[in-house]
Structures are given as structure tokens and as C-alpha cells.
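Analysis of the macromolecular model
Spelled out, the chains give:
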Amino acid sequence: MNPDLDLALERVIRAPRAVVWSAWTDPSRLEKWWIPAPAVCRVDRLDVRPGGAFVTRMSEDGAEFVPQVDAIFLVVDELERIVFTNAIDSAWRPADPAPVPMTAEISLADHPDGTDYRIVVRHGDPEARARHEKLGFAEGWGTVAGQLAEFAESGASR
């Protein structure tokens, strides 16, 4: 991790790694935690393989959904790592996404209490990193990680 370009988050999720993996790779499960509540998520495409599409929409009221993520998966190591970028959209076209182009790496490892869950979000320059941090990286990604933990730990995801 490069502290000038990257932002990171880490937590222990008190659920087996396979449960956390499934929450990331099953569209109906991802919809339950992916966007900070009270907003809701709709998964349009979740093709979890290198080159596969990651497309979601969000809604503040549950009625009108607007685009949220249009990305591709770069690396998928089953039960261990998912890497995606929004700098290339699901049609494999270069993108200039808001609020910032980024590459996110999600890593899962066994932990005595469940799953060691780590996120590193890489940016192209210090300004993009600073903009993402100022826009609430820690709050947004932290809230979503908390929602994932709650979902995985509740047993509802099994």
C-alpha cells in the first residue's frame, strides 16, 4: 500500500470466510449490504470473474434507481481476493467515474474469530486519494463494511 495514493480499511468479521465470500459474490446477498442504509441497492450484473461486469444501482426511496457502480473485475481468487476497477466500465470502455477512478482490492483471510477483511482502494494520484478521503471514504466504506459484517454475522447470509 502506498499511503500517498491508497486508502485502506480493515476489520474482523465474526463469520466464516465462505460466508463473507458469498455475500460478495451472490447478487441477492450483495444487495442487502452494499450501499449505506437507508439507501438500497439493486444489482444489475455481477459476473465475478476476471473481466466480468460489476454493475449496481441505488435508490434513496426504493422507487427510483440511479447508476452507482459500473466496473469490471480484474482479479478473482476464490475465497481470498476480489479486485475491481471503475476506471473501465462493464463494456470495457475507459471511464471517468464520479467521484474518483479507483481500483479496489478486497482480501479475505482466516482469523481465529472469523474472517480478516481488508480493503485497499488505489487512486491514480494524490489529489484523487485526497478527494476520495474528503468525500467520506472512511465513513462510506466503513459503513458498508459494518453492514457486511452485520449481514454475515447474523446468519441470514447462510
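Preceding block: the structure.
Okay, so let's go over this structure. The structure displayed is predicted, hence computed values, not measured ones.

Along the chain, the position of P94 falls in the loop between β5 (81-85) and β6 (103-111). The sequence separation of P94 and A23 amounts to 71 residues, and the corresponding C-alpha distance is 28 Å.

In this section: the pairing of strand β4 (residues 66-77). Where strand β3 (residues 53-59) meets β4, 6 bridges bridge the pair, whose relative direction is antiparallel. Each bridged residue has a counterpart across the sheet, and for F54 the counterpart in β4 is A71. Across 5 bridges, β4 lies against β5 in antiparallel orientation. Paired with I72 across the two strands is T85, which belongs to β5. Linking two consecutive strands that pair antiparallel, namely β4 and β5, is a turn of 3 residues; a positive phi of about 65° is found at L79 within it.

Rules behind the numbers
Residues numbered from 1 in each chain as written. Predicted model: local features only at pLDDT ≥ 70, side-chain atom pairs only at ≥ 80, totals over all residues. Heavy atoms only, no water. Helix = DSSP H or I, 4+ residues; strand = E, 2+ residues; numbered from the N terminus. Pairing = 2+ DSSP bridges.

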